[in-house]
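Chain by chain, the residues:
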Amino acid sequence: MEWMAKAVEELLQQTPVDGMDEHLIEFSEALRTVAKALRRAAEGKASAQAEAAEWKRRYELERTRNIQMERKGNNICEMLQSWWTRTSLDNAIEMIRIMFPCLVFWEVWKEQKKRVSEARIAERISAEQNGGIDCRTIKNSDNQLMLQNESDEHREKGCMKHGICSHEVLRDRESDSNSNVDCNKMMRKASFKLSWWCKGENGDQHKHDIVSFEKGNITTAERSSKQISLKWESDPQTVLILTKPNSVSVRILCAQMVRWLKEKKKINIYVEPRVRVELLTESTNFNYVQTWKDDREILLLHTKVDLVITLGGDGTVLWAASMFKGPVPPIVPFSLGSLGFMTPFHSEHFKECLDSILRGPISITLRHRLLCRVVRDAAKNECETEEPILVLNEVTIDRGISSYLTNLECYCDNSFVTCVQGDGLILSTTSGSTAYSLAAGGSMVHPQVPGILFTPICPHSLSFRPLILPEHVTVRIVVPFNSRSPAWASFDGKDRKQLAAGDALLCSMAPWPVPTACQVDSTNDFLRSIHEGLHWNLRKTQSFDGPQEL
């Protein structure tokens, strides 16, 4: 093919002979057309070869990764085998010395159980012979033996029979070992209980969510259509107040609220260091207000604070959630911002609102968060990640200041989803569905629906539509090696991180939701926010006087 193209080019470059007729001119034009077609075919072949080479490189990379994982597994097996081979006779004797008392105890227990069963059989036989004995006396011994098991089961089920206890929602996995040591140093936290409820037992709401399998039929057990209610089991002792900065009205309201909570409710109050300085500047009578000194004390706030009050907009709620890297106390958000999708309470009636909330019970919305981890290309495995980041709204992967399209490979639980070519991608929670994801064309989703929104930003494709993924999946976003520029990830609009070629971002549902108090209930507050904040489906009503069907 190449020599034919060269021959055509040489023929075209020859000087035309004088008196060449029109047929030769047409023939030369045809040869030029053939040369263009041959050039395009050569370019297409080169492009196909480059694409094949790229796919071969990806295959080799994945194959090498699998081989490394297999070698690591073999090395672990060899280490265990060598360790077991090196086990001496003394170790074996020591193991026998430990196991022998256990075996003796097991045999004694079996013998006792056998004697008890023989005694029961003898009692039944004598009861049948003396037919006048009440059968309840026969079952008495069985009931006594079952009492301990029933009490253990009751302890295990606990509050889950009718709801969730506070120690199951606000549990810190890392601080459990030190809880006994620091118990005397910390003030006692208020306990509460979460339960599900709906409007009326005979309502038309179907209470379906949890799947059960019985007698060959798949059904769903009742639970999820009910609203979540929080009931205090002990009175709240400590409140944390977070405010929007650089606002005179917020500063005045904060001083009034602090004074009212301390004088009327006798509650301990925590504020940010900046707010404490502002309060002491206004009056030295605010010296009872507490604060923290460093980040280490911030990590322990959830062990001291019973309730969080935010004075601001949705950004203040995001800031409050970001302060808690694990469990989050219930948040009461007062609307002092602009839109207020997550701030249903009005500051004019803060005394009535707080009085009702401190008494309880209150409806809450459990807002799910995303747990995001960055895995660099140099990492040996996905366990070697940077410090995880929790987001309440969304994580955005975009092209930053680069003028090139973002090139991102997306996986869902190791299954390939798609390759994003555009301005970027948004992974959002359902609480963040009314934020950046909505502006990019994503759907609005009720905040209590557990899921991950997969929304592209200006994709260079007419068929790229947003997705909603289930909450149990792990989404992995990878910057491929053939990407023309790095990508940038931002978490709730801050903490931007650069993702170079080979870097990956892992996102999954975090185990610690953000409980926010509702003015009415979660559904009513959500619908009110999209009606008032976005004027959703606001339109003039069609006039009744006009053409009508007869």
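Just so you know, these numbers come straight off a predicted model, no measurement behind them.

**Concerning the overall build of the protein**
When helices and strands are tallied, the protein shows 13 helices and 23 strands. Each of the 550 residues in the protein was classed as buried or not, and the buried ones make up 35%. For the protein, the accessible surface area stands at approximately 35,600 Å², while carbon and sulfur atoms represent 55% of it.

**Examining the packing of helix 7 (residues 248-265) against helix 11 (residues 350-359)**
When two helices pack together, their arrangement is given by the angle between the helix axes and the distance between those axes. The N-to-C vectors of helix 7 and helix 11 enclose an angle of 45°; their axes lie 11 Å apart at closest approach. Here helix 11 runs oblique to helix 7, going by the angle between their axes. With respect to the hand of their crossing, helix 7 and helix 11 are arranged in right-handed fashion. Residues Leu253, Gln256, Met257, Trp260, Leu261 and Lys265 of helix 7 form the contact with helix 11, whose own contacting residues are Phe350, Lys351, Leu354, Asp355 and Leu358.

**Some points on the pairing of strand 16 (residues 415-428)**
In this structure, strand 14 (residues 394-398) lies alongside strand 16, joined through five bridges in antiparallel fashion. Bridge pairing links Ile397 to Leu425 in strand 16. Of the strand pairs in this sheet, strand 15 (residues 406-412) and strand 16 are connected by seven bridges, and their pairing is antiparallel. Directly across from Asn407, in strand 16, lies its bridge partner Gln421. Linking two consecutive strands that pair antiparallel, namely strand 15 and strand 16, is a turn of two residues; a positive phi of about 50° is found at Asp413 within it. With six bridges connecting them, strand 16 and strand 17 (residues 451-459) associate as antiparallel partners. Within strand 17, the position partnered with Ser428 by the bridge is Leu453.

**Digging into the nonpolar core**
Soluble globular proteins: nonpolar side chains tend toward being buried together. Ile241, Leu261, Ile309, Leu311 and Phe334 are the most contacted members of the largest nonpolar core, which totals 39 residues. Looking at this core, the element that brings in the most residues is helix 7, giving eight residues. Once you skip the residues sitting within four places of it in the chain, Ile241 turns out to touch Cys254, Met257, Val258, Leu261, Ile269, Tyr270, Val271, Glu272, Ile309 and Leu311.

**Regarding the confidence of the model for the protein**
Considering every residue of the protein, the mean pLDDT works out to 78; 73% of them sit at 70 or more. Here helix 4 (residues 135-157) is the element of the protein with the lowest mean pLDDT, 42, and strand 14 is the one with the highest, 96. Note on residues 131-164: pLDDT under 50 across the span, and 26 contacts to partners over four residues away in sequence or across chains. Confidence drops under a pLDDT of 50 for residues 200-211, and excluding neighbours within four residues, the segment shows 25 contacts in the predicted structure.

**Some thoughts on the pattern of salt bridges**
Any two side chains of opposite charge can pair, given that their charged atoms come close. This model, assessed by the stated rule, comprises 11 salt bridges. For Arg359, the salt bridge is made with Asp355, and the minimal N-O distance between the two is 2.3 Å. Here Arg359 pairs with Asp355, and both are found in helix 11, just four residues apart, close to one helical turn. Given the relative accessible area of 22%, Asp355 is considered partly exposed. Across the pair Asp503 and Arg376 runs a salt bridge whose closest N-O atoms are separated by 2.9 Å. Taken together, the residues span a long stretch of sequence, with Asp503 in the loop between strand 21 (494-499) and strand 22 (504-509) and Arg376 in the loop between strand 12 (370-375) and strand 13 (389-391) at a distance of 127 residues. Given the relative accessible area of 6%, Asp503 is considered buried. Taking the relative accessible area as the measure of exposure, Arg376 reaches 28% and is therefore partly exposed.

Calculation notes
Residues numbered from 1 in each chain as written. Predicted model: local features only at pLDDT ≥ 70, side-chain atom pairs only at ≥ 80, totals over all residues. Heavy atoms only, no water. Helix = DSSP H or I, 4+ residues; strand = E, 2+ residues; numbered from the N terminus. Buried < 20%, exposed > 50% of the residue type's maximum accessible area, 1.4 Å probe, protein only. Areas by Shrake-Rupley, 256 points an atom, 1.4 Å probe, with all protein chains shown as cover. Axes fitted to C-alpha atoms, helices over the stretch in contact; angles between N-to-C directions. Parallel < 35°, antiparallel > 145°, perpendicular 65-115°, else oblique. Left-handed = near helix turned anticlockwise from the far one by under 90°. Contact = heavy atoms within 4.5 Å. Pairing = 2+ DSSP bridges. Core = buried A, V, L, I, M, F, W, Y, C linked by side-chain atoms within 4.5 Å. pLDDT = per-residue confidence, 0-100. Salt bridge = Lys/Arg side-chain N within 4 Å of Asp/Glu carboxyl O.

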